[in-house]
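Listed here are the chains, written in short residue letters.
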Amino acid sequence: MDDNCEAVPCVSMEVCKVYPKGPLLVLPERIYLFSEPTVGEILPFDVVINVAEETQDLQTQVPAIEYHHCRWGHDSDIGTDLVSLTSIMHVAAAERKKILIHCQCGLSRSATLVIAYIMKFHHLSLRRAYDLLKSRADKISPPMGLVFQLMEWEAALKTTPSAQASDYRKLP
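Here is a short report on the structure shown in this document.

What counts and what doesn't
Residues numbered from 1 in each chain as written. Predicted model: local features only at pLDDT ≥ 70, side-chain atom pairs only at ≥ 80, totals over all residues. Heavy atoms only, no water. Helix = DSSP H or I, 4+ residues; strand = E, 2+ residues; numbered from the N terminus. Buried < 20%, exposed > 50% of the residue type's maximum accessible area, 1.4 Å probe, protein only. Contact = heavy atoms within 4.5 Å. Areas by Shrake-Rupley, 256 points an atom, 1.4 Å probe, with all protein chains shown as cover. Axes fitted to C-alpha atoms, helices over the stretch in contact; angles between N-to-C directions. Parallel < 35°, antiparallel > 145°, perpendicular 65-115°, else oblique. Left-handed = near helix turned anticlockwise from the far one by under 90°. Nonpolar A, V, L, I, M, F, W, Y, C, P; charged D, E, K, R; others polar.

1. What about the overall build of the chain?
Summing up its helical and strand segments, the chain has six helices and five strands in all. In sequence order, the chain lays out its α and β elements as β-β-α-β-β-α-β-α-α-α-α. Here the chain holds 172 residues, and 49% of them are scored as buried. Intrachain contacts of the chain at a sequence separation of at least 6 include 64% that bridge at least 24 residues. Carbon and sulfur atoms provide 54% of the accessible area of the chain, an area that totals close to 8400 Å².

2. Some words on the environment of His102
Turning to its location among the elements, His102 is positioned in strand β5 (residues 99-102). Judged by relative accessible area, His102 falls into the buried class, the value being 1%. Residues His102 and Glu36, 66 residues apart in the sequence, show an inter-C-alpha distance of 6.2 Å. In this structure, His102 is in contact with Phe34, Ser35, Glu36, Pro37, Val48, Ile49, Asn50, Val51, Ala52, Thr55, Tyr67 and Ser110, ignoring residues within four places of it in sequence.

3. Description of the packing of helix α3 (residues 109-121) against helix α5 (residues 144-159)
At a minimum axis separation of 11 Å, α3 and α5 run at an interaxial angle of 15 degrees. Relative to α5, the element α3 is oriented roughly parallel. In this structure, α3 crosses over α5, and the sense of that crossing is right-handed. For the pair formed by α3 and α5, the contact residues are Arg109, Thr112, Ile115, Ala116, Met119 and Lys120 on the first element and Leu146, Leu150, Trp153, Glu154 and Leu157 on the second. Of the residues assigned to the contact of α3 with α5, the class counts are seven nonpolar, one polar and three charged.

Here is the structure:
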């Protein structure tokens, strides 16, 4: 594996296969993190959230799967999407659905979304949410622009209590 994978966007999936054993279970509520999957790799999932602008939208190839594609770049304004995407994840988790979150490499944008979810529904600070995910997916590396947006997300969560967040219960 190329060590540059963490510092720059993936150029080749052969070079940047960060998850050689397949999607990685990162949260007990059946939330997995992964790099750009093939159609075959997403078939076991009920919900797929693709947060990479440069990856193929596979929705038409997997009509039985709830598929969401947000075209995020490494410097996109993601704030408006975090509410809806974390809610989609929360509803799917409550229904015990298997959820795949991915971007191209599975290191920055997808990790950012999972961190935002942890902050909102596990009620953890940005630092603790990051540390939790890092302990399970040690190669994650959100770019500073997305980290700054997570800092804004953290401030918003502190000032606007969410009914969904208070209703959250950890799934086995």
